[in-house]
Amino acid sequence: CLIPNEIKTGGIIDGPLVFNQLTCNGVLEGIRICQKGFPNRSLYADFFDRYKVLAADLFDPNEFLEGKEACQMILDKIQLEKGRYSCGLNKVFFKAGTLAILEEIRED
């Protein structure tokens, strides 16, 4: 929900106010990511929990790995084309159709 102006009057839009709200809510960042072609994303912990079976031999249950590092190991193991994903600070981003490929690999 966006507030179009601070005087609460219909038909008046305060552009900088709306822009600031879109920025703070992460809407503009989401649009930027989608424009780059990475519409799907997953937190590292969620990705690891779902796809660790694809590289189970690489992980020692007694050893701690950072989420990003563990996810990169899985992606390297299955040899997913690097152009199909991008690793961010907290999430891994995927191009359209990549999650379907991962699910097919996981089912096999």
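Refer to the structure printed above.
This write-up is about the structure you can find in this document.

Rules used in this analysis
Residues numbered from 1 in each chain as written. Predicted model: local features only at pLDDT ≥ 70, side-chain atom pairs only at ≥ 80, totals over all residues. Heavy atoms only, no water. Helix = DSSP H or I, 4+ residues; strand = E, 2+ residues; numbered from the N terminus. Buried < 20%, exposed > 50% of the residue type's maximum accessible area, 1.4 Å probe, protein only.

Another aspect to go through is unusual backbone geometry. Even without being glycine, Lys-8 reaches a positive phi, approximately 55°. Here Lys-8 lies in the segment before helix H1 (15-24). Positive phi, close to 55°, is recorded for Gln-79, a residue that is not glycine. Within the secondary structure, Gln-79 sits in the loop between helix H4 (67-77) and strand S2 (85-87). We classify Gln-79 as exposed; its relative accessible area is 69%.

The exposure class assigned to Lys-8 is exposed, which follows from its relative accessible area of 77%. A C-alpha to C-alpha distance of 50 Å links Lys-8 and Leu-75, two positions 67 residues apart in sequence.

By themselves, these observations are geometric and do not establish any function.
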